[in-house]
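For reference, the chains in residue letters:
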Amino acid sequence: MRRRGVVDMATEGDVELELETETSGPERPPEKPRKHDSGAADLERVTDYAEEKEIQSSNLETAMSVIGDRRSREQKAKQEREKELAKVTIKKEDLELIMTEMEISRAAAERSLREHMGNVVEALIALTN
């Protein structure tokens, strides 16, 4: 037996479920998805992709060894540069001049002089620029 406006949906055990439908009035258009819902779906797709990607241990070990090698080469080059700078002789008067005129520490003045092979003029120009 069917009644107008009532639709039989499903039967679970002995309970009969019914859903009433509106027969009068205009039908509502289906709701549009909200803007923030679509953004959440996009975000979900991005995170799903990242979760599916696996990192292989051999690739990780290779990358770590490359980084370690690069760091050791840079450190070795820096030590060699420091040895070269230590060999440069500088005059005490030049060091005092740069310290007083530029108002910098002794270490900074000495470093600048050594980098410019003891040339006071080049060291001062570099410090003013």
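Numbering of residues starts from 1 in each chain and follows the order in which that chain's sequence is written. For this predicted model, a pLDDT threshold of at least 70 governs which residues receive local features, and a threshold of 80 or more governs which side-chain atom pairs are given and counted, while totals over whole chains, interfaces and linings are taken from all residues. Remark: hydrogens and water are excluded; side-chain values derive from all non-hydrogen atoms of the structure.

- The protein appears in an unreviewed UniProt entry as Huntingtin-interacting protein K isoform X1 from Galeopterus variegatus.

## Quick look at the packing of helix α3 (residues 92-102) against helix α5 (residues 120-128)
For any two helices packed against each other, one specifies the inter-axial angle together with the distance between the axes.
Moving on, step 1. Axis angles are defined between N-to-C directions and span 0 to 180 degrees, where every axis is a line fitted to C-alpha atoms and, for a helix, only to the segment in contact. Helix and strand labels come from DSSP, where a helix needs a run of H or I of at least four residues and a strand needs a run of E of at least two; each type is numbered from the N terminus. Where α3 meets α5, the closest approach of the two axes is 11 Å, and the angle between their N-to-C directions is 25°. It follows from the interaxial angle that α3 and α5 lie roughly parallel. As α3 runs across α5, the sense of the crossing is right-handed. Of the residues in α5, those in contact with Asp94, Leu97, Ile98 and Met102 of α3 are Val120, Ala123, Leu124, Leu127 and Thr128.
Moving on, step 2. As a working rule, the residues Ala, Val, Leu, Ile, Met, Phe, Trp, Tyr, Cys and Pro are called nonpolar, Asp, Glu, Lys and Arg charged, and the rest polar, with Gly in that last group. Residues of the contact of α3 with α5, tallied by class, amount to seven nonpolar, one polar and one charged. By the definition adopted for this analysis, an angle is roughly parallel if under 35 degrees, roughly antiparallel if over 145, roughly perpendicular if from 65 to 115, and oblique otherwise. Whether a crossing is left-handed or right-handed is set by the direction in which the near helix is turned from the far one by less than a right angle, anticlockwise for left-handed and clockwise for right-handed. Here, two residues are considered to be in contact whenever any of their heavy atoms come within 4.5 Å of each other.

## Quick notes on helix α4 (residues 106-115)
Moving on, step 1. Listed in full, the buried residues belonging to α4 are Ala109, Ser112, Leu113 and Arg114.
Moving on, step 2. Against the buried residues of α4 lie α2 (57-87), α3 and α5.
Moving on, step 3. Of the residues one or two after α4, methionine 117 is the one with positive phi, at around 55°. For each residue, the accessible area found with a 1.4 Å probe, counting protein chains only, is set against the maximum for its type, and the residue is called buried under 20%, exposed over 50%, and partly exposed in between.

## Quick look at the pattern of salt bridges
Moving on, step 1. The salt bridge criterion pairs a side-chain nitrogen of Lys or Arg with a carboxyl oxygen of Asp or Glu, the two atoms within 4 Å. Per the stated rule, a full pass over the model turns up four salt bridges.
Moving on, step 2. Arginine 106 is the partner of glutamate 96 in a salt bridge, and the nearest nitrogen-oxygen pair spans 2.9 Å. A residue pair is termed long-range when its members are at least 10 positions apart, and glutamate 96 in helix α3 and arginine 106 in helix α4 qualify at ten residues.
Moving on, step 3. Judged by its relative accessible area of 38%, arginine 106 is partly exposed.
Moving on, step 4. Residues arginine 114 and glutamate 110 are paired through a salt bridge, measuring 3.0 Å at the closest nitrogen-oxygen approach. Residue arginine 114 and its partner glutamate 110 are located together in helix α4, separated by four residues, close to a single helical turn.
Moving on, step 5. By relative accessible area, arginine 114 is classed as buried at 17%.
Moving on, step 6. Glutamate 110 sits in the partly exposed class, given a relative accessible area of 27%.

## Focus: the nonpolar core
Moving on, step 1. Counting residues in hydrophobic clusters, the biggest one holds seven residues: Leu95, Ile98, Met99, Ala109, Leu113, Val120 and Ala123.
Moving on, step 2. Sorting the residues of this core by element identifies α3, α4 and α5 as the ones contributing at least two each.
Moving on, step 3. In terms of residues, this core owes the most to one element, α3, which gives three residues.
Moving on, step 4. Sequence-distant contacts of alanine 123, defined by excluding residues within four places in its chain, comprise Ile98, Ser112, Leu113 and His116. By convention a nonpolar core is built from buried Ala, Val, Leu, Ile, Met, Phe, Trp, Tyr and Cys residues, the set being connected through side-chain atoms within 4.5 Å.

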